[in-house]
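Overview (structure and organization)
So the chains spell out like this:
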Amino acid sequence: MSNYPMLNLFWTMLVFFMWVLWLFLLFRILGDIFRSQDMGGFAKAMWILFVILLPFLGVLVYVIVRGHSMGQRDVEQAQKQEQALRAYVRDAAATDQQNAGGGSSVDELARLAELRDKGALSEEEFQQAKTKLLAA
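The text that follows walks through the structure, step by step, so that each part is easy to find. Just so you know, these numbers come straight off a predicted model, no measurement behind them. (Residues numbered from 1 in each chain as written. Predicted model: local features only at pLDDT ≥ 70, side-chain atom pairs only at ≥ 80, totals over all residues. Heavy atoms only, no water.)

To continue, consider the overall build of the protein chain. Within the protein chain one finds five helices and zero strands. For the protein chain, the sequential pattern of α-helices and β-strands runs α-α-α-α-α. Compactness check: the protein chain gives a C-alpha radius of gyration of 31 Å against a globular reference of 14 Å for 136 residues, more than 25% above the reference. Its C-alpha atoms give the protein chain principal-axis dimensions of about 85 × 55 × 20 Å. Each of the 136 residues in the protein chain was classed as buried or not, and the buried ones make up 18%. Split by element, the accessible area of the protein chain, about 10,600 Å² in all, is 66% carbon and sulfur. (Helix = DSSP H or I, 4+ residues; strand = E, 2+ residues; numbered from the N terminus. Rg over C-alpha atoms; globule rule 2.2 N^0.38 Å. Buried < 20%, exposed > 50% of the residue type's maximum accessible area, 1.4 Å probe, protein only. Areas by Shrake-Rupley, 256 points an atom, 1.4 Å probe, with all protein chains shown as cover.)

This is the structure we're talking about:
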């Protein structure tokens, strides 16, 4: 290690990390080629061959030519995933409410308090219903 200068160490690290970043970009581009809906099979095959046979030039040209649409596809996919997550959460919440007997305990307590305030329930009936609800 004594005959390997610090500047060479930094240069080696820079080259290594740039190589890793280039690999990430290469795999991201390959994924984008397969995900793209606006290209036919022949165009996808040509892009893949171009990116694999001339890797640095292929990646550079792909980013220049299709970089903007690549970003749009990422945004669309993120929106679809967010919609799917929201739908899943809505379904899970609806399932939880059905399993709890139609409503949450907070909603039931609010309904009981409203009935007590209107005079439909006495204080004793309210306390019994509240104890029963909180015990469940």
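With that out of the way, let us pick up the packing of aromatic side chains. For any pair of aromatic rings, the description consists of the separation of the ring centres together with the inter-plane angle of the planes. Enumeration over the complete set of coordinates arrives at five aromatic pairs. Within the aromatic cluster, the residues linked to one another by ring pairs are Phe16, Phe17 and Trp19. Lying across the ring of Phe126, Arg116 places its NZ or CZ 4.1 Å from the centre. (Phe/Tyr/Trp six-rings, centres within 6.5 Å; stacked < 30°, edge-to-face > 60°. Lys NZ or Arg CZ within 6 Å of the ring centre and 35° of its normal.)

This part is about the pattern of salt bridges. Overall, the coordinates contain eleven salt bridges when judged by the stated rule. Close ionic contact of Glu82 with Arg86 constitutes a salt bridge, the shortest N to O distance being 3.0 Å. You can see Glu82 and its partner Arg86 sitting in helix α3 (residues 55–99), four residues apart, about one turn around the helix. Overall, Arg86 belongs to the partly exposed group, its relative accessible area being 49%. Each member of the salt-bridge network shares a partner with another, and the members are Arg28, Asp32, Arg35, Asp38, Arg66, Arg73 and Asp74. (Salt bridge = Lys/Arg side-chain N within 4 Å of Asp/Glu carboxyl O.)

A separate point is the packing of helix α4 (residues 105–118) against helix α5 (residues 123–135). Following both chains from N to C, one finds α4 and α5 inclined at 175°, their axes separated by 10 Å at the closest point. When the interaxial angle is binned, α4 and α5 end up roughly antiparallel. Contact residues: α4 offers Ser105, Glu108, Leu109, Leu112, Ala113 and Arg116, while α5 offers Glu123, Phe126, Ala129, Lys130, Leu133 and Leu134. Within the contact of α4 with α5, the residues separate by chemical class into seven nonpolar, one polar and four charged. (Axes fitted to C-alpha atoms, helices over the stretch in contact; angles between N-to-C directions. Parallel < 35°, antiparallel > 145°, perpendicular 65-115°, else oblique. Contact = heavy atoms within 4.5 Å. Nonpolar A, V, L, I, M, F, W, Y, C, P; charged D, E, K, R; others polar.)

Once that is clear, we can look at the layout of surface pockets. Computed from the structure, the largest pocket encloses a volume of approximately 170 Å³. Every residue along the wall of the largest pocket is listed here: Arg35, Gln37, Asp38, Arg73, Glu76, Gln77 and Lys80. Examining the composition of the lining of the largest pocket, we find that four residues originate from one element, α3, more than from any other. Of the residues belonging to the lining of the largest pocket, the class tally is no nonpolar, two polar and five charged. (1 Å grid on protein atoms, 1.4 Å probe; cavity = no way out; pocket = protein on both sides within 12 Å on 5 of 7 lines; lining within 4 Å. Points joined across faces, edges and corners; volume = space filled by probe spheres on them.)

Time to look at a nonpolar patch on the surface. A cluster of nonpolar side chains, namely Phe42, Met46, Leu49, Ile52, Leu53, Leu54, Leu57, Leu60, Ile64 and Val65, defines an oily patch on the protein surface of about 1,100 Å² accessible area. Within the residue set of the nonpolar patch, elements represented by two or more residues are α2 (41–53) and α3. With five residues, the top contributor of residues to the nonpolar patch is α2. Positionally, Ile64 belongs in helix α3. (Patch = residues over 30% accessible without salt bridge, like charges linked within 9 Å, V, L, I, M, F, W, Y side chains within 5 Å.)

Two numbers describe how helix α1 (residues 6–35) lies on α2: the axes approach to 10 Å, and their chain directions differ by 170°. In terms of orientation, α1 and α2 fall into the roughly antiparallel class. Contacts between α1 and α2 involve Leu26, Ile29, Leu30, Ile33 and Phe34 from the former and Lys44, Trp47, Ile48 and Val51 from the latter. Each residue belonging to the contact of α1 with α2 can be placed in one class, and the counts come to eight nonpolar, no polar and one charged.

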